[in-house]
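So you can see what is in the structure, the chains are spelled out below.
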Amino acid sequence: AGHADEIDGAHVVGGHPGATLVHATMAIAQRARASGAELLNAVVLGYDIGVRLIAACGGIFGVKNRTHLHADFLHAVGAAVAAGRLLRLEPVRLTHAMALATFQANGLCALFREERHISKAFCNGQYAAAGVHAALMAQAGLEGCTDVIGERHGLLDAWGVEGSREIVVAGLGDDYAILGSNFKFLRAGYPIHAAVEAALSILREHDITSDAIAAVDVGMPENAMRVVDNRAMHDICLQDVLAAALLHGGLRLSESPFPKVLAEPEFARLRALITLGVDADLNAEQPNGRGASVTITTRDGVSHTARVDHPRGHSLRGGVTWADLEAKWREAIDDRATEWVTLATRLDDLETVEPLAAAFES
């Protein structure tokens, strides 16, 4: 469920940490009757472990291109440590938990070739389960390698890049990985967001209607383009999502336009007008970024261009407020969002996580 609707948070380096870490940590926090502050501390710790391991292995695209693995599986290790922290495991038990998590989590990137988003969502749940199980097994006395990260034939030997041992501890205690988290405001794969934002800004600024569009040229970094170019899954396909956004003047969080929009003749026309390629400037400036440039040409031959370096909600853009998040969840769900956000703002003061859990379960 954490990744099912493509509206979970993304990360500059670490894929989709929240879809694994938050759920695993919350489950153990309920079991341990942890406080809100303890939950927050564990989530921050889990982000640091998972994201640092992914960075040491070359980032999400490096892991994918070199090993053909879905980098999010490394968040299982972060989930194990976060859960272990809440269970108050001794340091050696935490090392066992990390090792036990590695035996349970994996994912070939071929999973992205599916059509219905089932295994893409399922795998993050598996990584969460692996972290929870590993922590509970370590608590029960099961053992694993005490240095599964640095040992010969360990994690860094298997998947690390040159300098991985330095990367994994760089800025430890000062540079917190969770600060690289990005909030999604669209129900779509993250590399699509900047393109939709740029295209809609052109339509609004120049008062262009969808029937006046003659061509749409989109550019983005090559790594991002490969993720969203003509995908079978509609909500991670740039051409599908952008065509739907142009046709309807935007996208709603409360419902997906797919598959209903596929039957609209104007959708097919707009989709055929979209060309996606590598933007040389963005590729050089932010090879692992999520920016996009869009040029829309109208039937009268006039072209307009907009570039968005970081989509709304991106950590490098900043500016997201609690009010923004409440509005997002009101649009996606209903008035329950107010209670959720109120509890989130008071997380440090909650004696136990039960009020938060009850709010989400209602």
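Before any of the text, the structure's been laid out above.
Note that the structure is a prediction, hence the values are computed from the model and not measured.

Attention shifts here to helix H14 (residues 322-332). Within the sequence span of H14, burial applies to Leu325, Lys328 and Ala332. The buried residues of H14 occupy one face: seen down the axis, they fall within an arc of 60°. In this structure, the buried side of H14 is in contact with helix H15 (336-345).

Attention now goes to the packing of aromatic side chains. All told, the structure shown has four aromatic pairs when counted by the stated rule. Relative to Trp159, the ring of Phe73 lies with its centre 5.0 Å away and its plane at 80°, an arrangement referred to as edge-to-face. Of this pair, Phe73 sits in the loop between helix H3 (59-67) and helix H4 (75-86) while Trp159 sits in helix H7 (residues 155-159), and the two are 86 residues apart along the sequence. With a centroid separation of 4.6 Å and 25° between ring planes, the pair formed by Trp340 and Phe360 is classed as stacked. You can see Trp340 sitting in helix H15 and its partner Phe360 sitting in helix H16 (residues 354-361), a full 20 residues away along the chain. Among the aromatic residues, those joined into a cluster by ring pairs are Trp329, Trp340 and Phe360. Geometry around Phe112 places Lys64 over its ring, the cationic atom sitting 5.3 Å from the centre.

For the structure shown, the criterion picks out two cavities of 30 Å³ or more. Of the pockets and cavities examined, the largest cavity occupies roughly 350 Å³. Along its surface, the largest cavity is lined by 22 residues, and His16, Ile60, Phe112, Val227 and Arg290 are the ones closest to its centre. For the lining of the largest cavity, the secondary structure elements donating two or more residues are strand S1 (10-11), H3 and helix H9 (190-206). No other element matches H3, which puts three residues into the lining of the largest cavity. When its residues are assigned to classes, the lining of the largest cavity shows eleven nonpolar, six polar and five charged. Computed from the structure, the second largest cavity encloses a volume of approximately 60 Å³. Lining the second largest cavity, in full, are Arg187, Asp235, Val241, Leu251, Arg252, Glu255, Ser256, Pro257 and Phe258. Residues of the lining of the second largest cavity, tallied by class, amount to four nonpolar, one polar and four charged.

Conventions and cut-offs
- Residues numbered from 1 in each chain as written.
- Predicted model: local features only at pLDDT ≥ 70, side-chain atom pairs only at ≥ 80, totals over all residues.
- Heavy atoms only, no water.
- Buried < 20%, exposed > 50% of the residue type's maximum accessible area, 1.4 Å probe, protein only.
- Helix = DSSP H or I, 4+ residues; strand = E, 2+ residues; numbered from the N terminus.
- Arc of directions from axis to C-beta.
- Contact = heavy atoms within 4.5 Å.
- Phe/Tyr/Trp six-rings, centres within 6.5 Å; stacked < 30°, edge-to-face > 60°.
- Lys NZ or Arg CZ within 6 Å of the ring centre and 35° of its normal.
- 1 Å grid on protein atoms, 1.4 Å probe; cavity = no way out; pocket = protein on both sides within 12 Å on 5 of 7 lines; lining within 4 Å.
- Points joined across faces, edges and corners; volume = space filled by probe spheres on them.
- Nonpolar A, V, L, I, M, F, W, Y, C, P; charged D, E, K, R; others polar.

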